[in-house]
Amino acid sequence: MTINILAKTGNRDLRVFASALDGQVYHFRDKNGLECDAVVHLRNGKFGLIEIKLGGDQLIEQGATTLKTLAAKIDTDKMKAPSFLMVLTATGKFAYRRADGVYVVPIGCLKD
């Protein structure tokens, strides 16, 4: 249940921020079952991939791995590469960028 609440809250917050930037939020799943919890797509064609996780190193790592796998499958001859990859978490006091470029952002940081 906690995961559903975080996912609903995270998606709602992402929709509010995307709307303010004239964008939309989508869910993605390919034919092989690879999925992304949220794709923030802006009108100018830029987009970011977001996985929503409760937190903890193992879950953050799982989310980052999924994002990097999905990003690697994008045919950049046909569309732009993602502008960012982000794991949205329920815990933590600050956002940071990992060495692999994936952002880890606590949901509380979205309000600021």
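**Comments concerning the environment of K46**
Summarising the element assignment, K46 is placed in the loop between β2 (35-42) and β3 (47-53). Residue classification places K46 among the partly exposed positions, given a relative accessible area of 42%. In the structure, K46 is positioned 36 residues away from P82 in sequence and 6.9 Å away in space, judged by C-alpha atoms.

**So, the environment of F84**
In this fold, F84 is placed in strand β4 (residues 84-89). Excluding anything up to four places from it in sequence, F84 contacts F47, G48, L49, I50 and Y103.

**Considering the nonpolar core**
C36, L49, L67, V87 and V102 are the most contacted members of the largest nonpolar core, which totals 14 residues. Secondary structure elements with two or more residues in this core: β2, β3, α2 (57-73) and β4. Aside from chain neighbours lying at most four places away, what touches C36 is H27, F28, L49, I50, E51, L67 and L70. Of all hydrophobic cores here, the second largest spans 12 residues; its members include I50, M86, L88 and V105.

**Notes on the confidence of the model for the protein chain**
Averaged over every residue, the pLDDT of the protein chain is 86; residues scoring 70 or more account for 88%. Per-residue pLDDT, averaged within each element of the protein chain, yields its smallest value for helix α1 (residues 2-20) (63) and its largest for strand β5 (residues 96-97) (96).

**Some points on the pattern of salt bridges**
In the structure shown here, the tally under the stated rule is six salt bridges. Two residues, R43 and D22, come together in a salt bridge whose shortest N-O distance is 3.3 Å. Of this pair, R43 sits in the loop between β2 and β3 while D22 is found in the loop between α1 and β1 (23-29), placing the two residues 21 residues apart along the sequence. The exposure class assigned to R43 is exposed, which follows from its relative accessible area of 69%. Its relative accessible area of 44% is what places D22 among the partly exposed residues. Salt-bridge contacts for E51 lead to K53; the nearest nitrogen and oxygen are separated by 3.7 Å.

**What to know about α2**
An ideal rise of 1.5 Å per residue puts 24 Å on 17 residues; α2 measures up with 24 Å between its terminal C-alpha atoms. Where α2 is buried, its residues meet β1, β2, β3, β4, β5 and β6 (103-106).

**Regarding the pairing of β6**
Bridge count between β4 and β6: four bridges; the pairing is parallel. For L88, the partnering residue across the bridge sits in β6 and is V105. As paired elements, β5 and β6 share two bridges and run antiparallel to each other. Within β6, the residue paired with Y96 across the bridge is V104. Hairpin remark: β5 followed by β6, antiparallel, with five residues in the connecting loop; positive phi at G101, about 95°.

Parameters at a glance
Residues numbered from 1 in each chain as written. Predicted model: local features only at pLDDT ≥ 70, side-chain atom pairs only at ≥ 80, totals over all residues. Heavy atoms only, no water. Helix = DSSP H or I, 4+ residues; strand = E, 2+ residues; numbered from the N terminus. Buried < 20%, exposed > 50% of the residue type's maximum accessible area, 1.4 Å probe, protein only. Contact = heavy atoms within 4.5 Å. Core = buried A, V, L, I, M, F, W, Y, C linked by side-chain atoms within 4.5 Å. pLDDT = per-residue confidence, 0-100. Salt bridge = Lys/Arg side-chain N within 4 Å of Asp/Glu carboxyl O. Expected span 1.5 Å × (residues − 1). Pairing = 2+ DSSP bridges.

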